[in-house]
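Topology and contacts: notes
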Amino acid sequence: MLGSAWRRKLGWYPGDWIWPALLALLVAVVAVVVSAVWVADSSSSAAETVVATTAATSLQDTTTVPEPTPTATTGTTPATSPKLPPPPPPAQTPVSWPASKSGWTIVLDSVPGLNGRAAALAEAKQALHVGMKQVGVLDSAGFSSLHPGYFVVFAGIYDTEAEAQSHVIDAHRHGYRGPYPRRITP
């Protein structure tokens, strides 16, 4: 009744079916979102309770402090020195590819020559900072196995492709998404 009164008053056009369909779609989306939030909330609170109970139980069962045992009977107590933090690692600088050496490396990035060597060196220093070893920069114009016009940020100097390939996973672990082994020929 309400629909027919509405059509008599406002008229009906052939494309007017879209509005009731959009309203039904909106109601369905809201229902899905509300149920997803409810399910996520109930499952996360249950998981938190289980983890908290399990952690508290295991801590109570396994935490024991042994009694100190007497050491020497000389009457002097050994001096305890405070634990000092380990010394910082030595400052690392990018390495150079050995002159006239053919070998394999892992390419971390190729920086266009227009961006300059400074950009590639900054990226190499960042790779050293995150823990990569033997990181350096090559000017691709000096190597026949590389496309000219780039500064190549590399990691490692290897004799075989298999050796280089085995270290690609290390680059992935340090956050590099597309490292690959590459032959370097002067």
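Predicted model only: the values in this text are computed from it and were never measured. All residue numbers refer to position in the chain's written sequence, counted from 1. Residues qualify for local features only when their pLDDT is at least 70, as the model is predicted, and side-chain atom pairs are given and counted only at 80 or more; totals for whole chains, interfaces and linings, by contrast, use all residues. Only heavy atoms go into the side-chain values, all of them from the structure, while hydrogens and water stay out.

A word on unusual backbone geometry. Backbone geometry at Ser100 places phi at a positive 55°, although glycine is not the residue there. The helix and strand labels rest on DSSP assignments: H or I over at least four residues marks a helix, E over at least two residues marks a strand, and numbering proceeds from the N terminus. Note that Ser100 resides in the loop between helix H2 (18-62) and strand S1 (103-112). Its identity is not glycine, yet Gln134 carries a phi of approximately 50°, on the positive side. Relative to the helices and strands, Gln134 is located in the loop between helix H3 (117-129) and strand S2 (135-139).

Turning to its location among the elements, Thr93 is positioned in the loop between H2 and S1. In the structure, Thr93 is positioned 36 residues away from His129 in sequence and 9.8 Å away in space, judged by C-alpha atoms. Any two residues having at least one pair of non-hydrogen atoms within 4.5 Å are treated as being in contact. Once you skip the residues sitting within four places of it in the chain, Thr93 turns out to touch Leu128 and Val135.

A few words now on the confidence of the model for the chain. With 64% of its residues at a pLDDT of 70 or more, the chain has an overall mean of 77. One confidence number per residue, pLDDT, is output by the predictor and ranges from 0 to 100. At the level of individual helices and strands, the chain shows its lowest average pLDDT in H2, which scores 63, and its highest in strand S4 (residues 180-184), which scores 94. This stretch, residues 44-61, has a pLDDT under 50; its non-local contacts, to residues over four places away or in other chains, come to zero contacts.

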